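# Structural characterization, general
Here's the letter readout for the chains.
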Amino acid sequence: MKFSSTLTVLAASNLFLSGAAAVDLDITSQDSIKAAAKVLIANLRSYYTGDNKGDTAGNLPDPYYWWECGAMFNAFIDYWYYTGDDTYNAITVQAMQHQIGDYSAFMPSNQSASLGNDDQAFWGMAAMSAAENKLPDMGDGQPSWLALAQAVFNTQYPRWDNTTCGGGLRWQIFSFNNGYNYKNTISNGCFFNIAARLYKYLGNDTYADWAERAWVWEQSVGLMSADYHFYDGTDDKENCTSVNHIQWTYNAGIHMAGAAAMWNMTQSDVWKTRLEGVIKGASVFFNDNVMIEVACENNGKCDVDQRSFKAYLARWMGYTANIAPWTQTSLIPYLKASAQAAAKQCIGGTNQTSCGLRWVDNGTNDGSFGVGEQMAALEVVQSLLYDTVSGPASKDAGGISTSDPSAGQDAPTTEVVFDTVTTGDKAGASILTIVVLVGILVGAWWMVS
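Residues numbered from 1 in each chain as written. Predicted model: local features only at pLDDT ≥ 70, side-chain atom pairs only at ≥ 80, totals over all residues. Heavy atoms only, no water.

### A few points about the state of the cysteines
Counted by the stated rule, this structure contains 3 disulfides. Linked covalently through their sulfurs, Cys165 and Cys240 form a disulfide whose S-S length is 2.0 Å. Where Cys165 bonds to Cys240 through sulfur, the torsion about that S-S bond is close to 80 degrees, and the disulfide is right-handed. Within this pair, whereas Cys165 is found in the loop between helix H5 (145–156) and strand E1 (182–184), its partner Cys240 is found in the loop between strand E2 (233–235) and strand E3 (243–244), the two being separated by 75 residues in sequence. (Disulfide = S-S within 2.5 Å. Helix = DSSP H or I, 4+ residues; strand = E, 2+ residues; numbered from the N terminus.)

### Quick look at the packing of helix H7 (residues 205–221) against helix H9 (residues 269–281)
Look at H7 against H9: their axes get within 14 Å of each other, and the N-to-C directions meet at 50 degrees. When the axes of H7 and H9 are compared, the pair comes out oblique. Classified by chirality, the crossing of H9 by H7 is left-handed. Between H7 and H9, the residues in contact are Glu212, Trp215 and Val216 and Trp271, Arg274 and Val278, respectively. Tallied by class, residues from the contact of H7 with H9 come to 4 nonpolar, no polar and 2 charged. (Axes fitted to C-alpha atoms, helices over the stretch in contact; angles between N-to-C directions. Parallel < 35°, antiparallel > 145°, perpendicular 65-115°, else oblique. Left-handed = near helix turned anticlockwise from the far one by under 90°. Contact = heavy atoms within 4.5 Å. Nonpolar A, V, L, I, M, F, W, Y, C, P; charged D, E, K, R; others polar.)

### Section: the pattern of salt bridges
Per the stated rule, a full pass over the model turns up 12 salt bridges. For Arg274, the salt bridge is made with Glu212, and the minimal N-O distance between the two is 2.9 Å. Pair noted here: Arg274 is in helix H9 and Glu212 is in helix H7, with a separation of 62 residues, a long-range link. Looking at Arg274, the relative accessible area reads 11%, which means it is buried. A residue is classified by how much of its surface remains accessible, and Glu212, at 29% relative accessible area, is partly exposed. Asp361 is the partner of Arg358 in a salt bridge, and the nearest nitrogen-oxygen pair spans 2.8 Å. Residue class for Arg358 comes out buried when judged on its relative accessible area of 17%. Since its relative accessible area comes to 26%, Asp361 is described here as partly exposed. (Salt bridge = Lys/Arg side-chain N within 4 Å of Asp/Glu carboxyl O. Buried < 20%, exposed > 50% of the residue type's maximum accessible area, 1.4 Å probe, protein only.)

### A short note on the nonpolar core
Met72 and Tyr312 are the most contacted members of the largest nonpolar core, which has 152 residues in total. In this structure Tyr312 touches Trp67, Glu68, Ala71, Phe122, Tyr250, Gly253 and Met375, once residues within four positions along its chain are discounted. (Core = buried A, V, L, I, M, F, W, Y, C linked by side-chain atoms within 4.5 Å.)

### Some points on the packing of aromatic side chains
Evaluated as defined, the whole model comprises 30 aromatic pairs. Centroid distance Tyr157 to Trp210: 5.5 Å. Interplanar angle 40 degrees. Geometry classified as tilted. With Tyr157 in the loop between H5 and E1 and Trp210 in helix H7, this residue pair connects regions lying 53 residues apart in the sequence. You can call Tyr157 partly exposed: its relative accessible area is 31%. Centre to centre, the rings of Trp160 and Trp210 are 5.7 Å apart; their planes meet at 70 degrees, and the pair counts as edge-to-face. Of the two residues, Trp160 sits in the loop between H5 and E1 while Trp210 sits in helix H7, which places them 50 residues apart along the sequence. We note that Trp160, like Trp210, is buried. Following the ring pairs from residue to residue traces out a cluster consisting of Phe153, Tyr157, Trp160, Phe191, Tyr207, Trp210 and Trp217. (Phe/Tyr/Trp six-rings, centres within 6.5 Å; stacked < 30°, edge-to-face > 60°.)

### Some words on H9
The terminal C-alpha atoms of H9 lie 18 Å apart, and with 13 residues this matches the ideal 18 Å at 1.5 Å per residue to within 8%. Along H9, the residues classified as buried are Trp271, Arg274, Leu275, Gly277, Val278, Ile279 and Gly281. Looking at the buried positions of H9, the neighbouring elements they touch are helix H6 (185–202), H7, helix H8 (249–266), helix H10 (309–323) and helix H11 (328–344). (Expected span 1.5 Å × (residues − 1).)

Next comes the structure, spelled out in C-alpha cells:
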C-alpha cells in the first residue's frame, strides 16, 4: 500500500500517440464512442511495461500495486467486449496467465507478503469478466477463466471469519500482514460480486447463499447503511463496533453489479429494492451528473489507488444497465454526463490525450496523469456501449468457459512460503488501514472540500 500527498503522477515516458489533439466524443454515435475509447486505451496501454524484455508480465511499474494491474486488464477485456478490437487481447492473456500462481487462484508467491482478499479478488473479477465476455479460454492445460474465478471464490469462502464481528472477510489473507484485523468493505464486496456473478453464470445456489450472507453481514455491522451507503471498513479488535464512514465509488460499484446479477437471476422484489437503493445511494458521487471521488478530489488528497476508483463505478454501471434494463433511467444520465466531462478534459500530456483526475472542472485538465485517471476515463466512455452488446454470457446463454467447481481448493489459508517482495510488487486496494489502526477517522472528513 502506498500513500501519496502529491496530486500529480507523471505519465509514462513511452507515450506513443503523435499528432493527436484531445479526445473527441459524440455520445450519440457508436463510432465516435469507439474511436474515443481507442485513443484512451492506447494511452493507458503505454503505462504497461510487463511485456518488455526482462520485465514481469502482469505487473505495472512503481508506483502502482499488483491489484491495479488486474483491474487494468479487466478494462482491456471490457474494451474488446464493447468494441470488438482485439489489439490488447494477447498482452491481457499473457499477463493474467503469468499471475495465476501456484494454486491457480491468483495467489502468486511474490505477492504473498502483502496479499489482501481484495487484491486477489480484483484479478478474480477480471477472470469472471473474461468468462462472461466470452474471451476464449487459454487451453494447453491452463485453467479456464471461469475456473479462475471459481478458484478465487473457493479460496475466500473458507476465510470467512466467525470468530469476531459475527463473520466477514478480513482485509489481509495472512495474519503476519499489517491490517489483518481490519474487515473492510471492498474485500467483502468483491467476494459478494464474484459470488453473485458465479451464481448468474452457473445457477448454483451455493454462490447465491454466500452472496446473500455477505450482503446481510455488511448491513449487520454497518459497512452498508440502511439507505445503502457503503463505508470503508471496521476493526475486529473492537468487534466491529466502530466504522470508518469514508465513502468510495468502487464500493458502490461492485455492490451495484452484484445486486444487479442477483436481481437478474431471481427477478425478486428483494433484490430490486436493494439495487434501487444502491443506485440512489451512489448519487453522492455525482455533481450535476458528473462523477466525483468525493472523499479526496476536492481536498486534493487522492492517492495513487484512489485515482482509479471511478473506473470501477463506471464499469459496473454499464454492466448494471445491461442486465437490469429498468435501471437505465437512473444510470444513463450519469454515464453520459460523466463520459462527456471525462473526455473533454483528456487534453493533457505530450500527446494531448492524457486524462486528469477531475471531470467536474469543465474541460480543465488538472495535470494528474496515470493509470487510474486514464482507466477511469476509458471505462466511463466505453460503458456508453452497454446497449450494443448481448450481455454477460452464462452456461445456458452462450458461455464457452469451462467450469471447475473444485478449482483452488488446495490453496493454503493460514501458512505460506513467500519470496522476497520489492516495493513495486506490493498490493493494496484498501487504502485507509493504517489510519484506522490508530483510530477511526471522523465520518464527516470525506465531505470536506
